[in-house]
Amino acid sequence: MHSLSSQAMRPLSLSPSFTHSSCQFRFLSSLSLPVFHKFQTLPLFYKIYPNAPLFVRNCTSISAKPSSEFRKDRTQEPPDEKLRALRELFTKPGVNIDAYIIPSQDAHQSEFIAECYMRRTFISGFTGSSGTAIVTKDKAALWTDGRYFLQAEKQLNPSWILMRSGNLGVPTISEWLNSVLVPGGRVGIDPEHRFINHLSYACFVTCILYWEQFLFSSAAAEELKETIGQKNHELVYLYDFNLVDAIWKESRPKPPNKPIRVHDLKYAGLDVASKLSSLRSELVDAGSSAIIISMLDEIAWLLNLRGSDVPHSPVMYAYLIVEMAKAKLFIDDSKVTTDVMNHLKNAGVELRPYDSILSEIKR
């Protein structure tokens, strides 16, 4: 089908036409038209069907709107009750913050996560896999990348400012915080648990730590702390509870608990004992005695296990500590079948409750 928008082509119509809105449609019954004379060969379709009619559309009033126009009719929406409820917690004893950062990741730094950990989605309404939300006492902003600009414009209500990461003139998170907060502000984050405090205990055993500050990596937190510190802002670790969870309450989805399964050796290629042996050799070379693994895909590969805790990903929520003589898997035991238990036992892997990872590190 060829679409000809030139006004000069209108006299070429050789058959009746019909109109719809501002568009005119005509059927051209022959290909002996000037428009085809400049082509040395005709389109393949017309070689096969030389007498087929040509459908021509002539539209005179097509216009493109900028993506920002999608939100113009949403200015009359009511105030965002989730933001109001979240801000009320800012002055709660033990909190006392001026801004709160809500990342996309779960406690394992995964981009794609279980529904119960989609805190940024809950507070903002934006469902893209990547983005960071910041709520201050009077503003709310969301940063995301170019994959999601159009989606975010449609999903964010007028209470939110969309920050198109990477575009010219768009501030980074730290730059924006430094510009909107009065010097001396307190910026809250949720490291999910008291992992930072327990790091000193882990150092006594000379571990390589594949650890993250749960919802924030240690590197990201330190960089943010340094940058906002230029305006005398303080990064506040809220260990006791997550502010989004506090307003999500009973409507928050339950954590996934579907059974995990053994990944057959014919697909895995290498048994667990061999993988652990290789890992321990690496630890010796590094002068270390243990490793803590939090990445879900690494745990699934190392133990030849598969799960369904994250949509479209064969992983399960767990932590793994590998020492020279033993290994411990921290997982919800309701997911562990008899086959999986025997599989882990044969590989010398002990089971521990998922939430006991911190106490184990402390020990």
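Definitions and limits used
Residues numbered from 1 in each chain as written. Predicted model: local features only at pLDDT ≥ 70, side-chain atom pairs only at ≥ 80, totals over all residues. Heavy atoms only, no water. Phe/Tyr/Trp six-rings, centres within 6.5 Å; stacked < 30°, edge-to-face > 60°. Helix = DSSP H or I, 4+ residues; strand = E, 2+ residues; numbered from the N terminus. Buried < 20%, exposed > 50% of the residue type's maximum accessible area, 1.4 Å probe, protein only. Lys NZ or Arg CZ within 6 Å of the ring centre and 35° of its normal. Contact = heavy atoms within 4.5 Å.

(A) Examining the packing of aromatic side chains more closely. Scanning the entire structure with this criterion turns up 6 aromatic pairs. When the ring of tyrosine 117 is compared with that of tyrosine 317, the centres are 5.1 Å apart and the planes differ by 70°; the resulting orientation is edge-to-face. A residue pair is termed long-range when its members are at least 10 positions apart, and tyrosine 117 in the loop between strand 4 (99–102) and helix 3 (119–124) and tyrosine 317 in the loop between strand 13 (305–306) and strand 14 (319–323) qualify at 200 residues. A single burial state applies to tyrosine 117 and to tyrosine 317, both of which are buried. Ring geometry for phenylalanine 122 versus tryptophan 248: centroids 4.7 Å apart, planes at 20°, classification stacked. Here the residue phenylalanine 122 occupies a position in helix 3, and tryptophan 248 occupies one in helix 8 (residues 243–248), the gap between them amounting to 126 residues. Of the two residues, phenylalanine 122 and tryptophan 248, both sit in the buried class. In this arrangement the basic side chain of lysine 82 is found over the ring face of phenylalanine 122, its NZ or CZ atom lying 4.1 Å from the centre. Taking NZ or CZ as reference, lysine 275 lies 4.0 Å from the ring centre of tryptophan 301, over its face.

(B) Broad picture of the environment of isoleucine 102. Tracing the backbone through its elements, the reader meets isoleucine 102 in strand 4. Overall, isoleucine 102 belongs to the buried group, its relative accessible area being 3%. Along the sequence, isoleucine 102 and methionine 118 sit 16 residues apart, while their C-alpha atoms lie 9.8 Å from each other. Residues contacting isoleucine 102, with those up to four places away along its chain left out, are Leu86, Arg119, Arg120, Ile123, Thr132, Ala133, Val135 and Val244.

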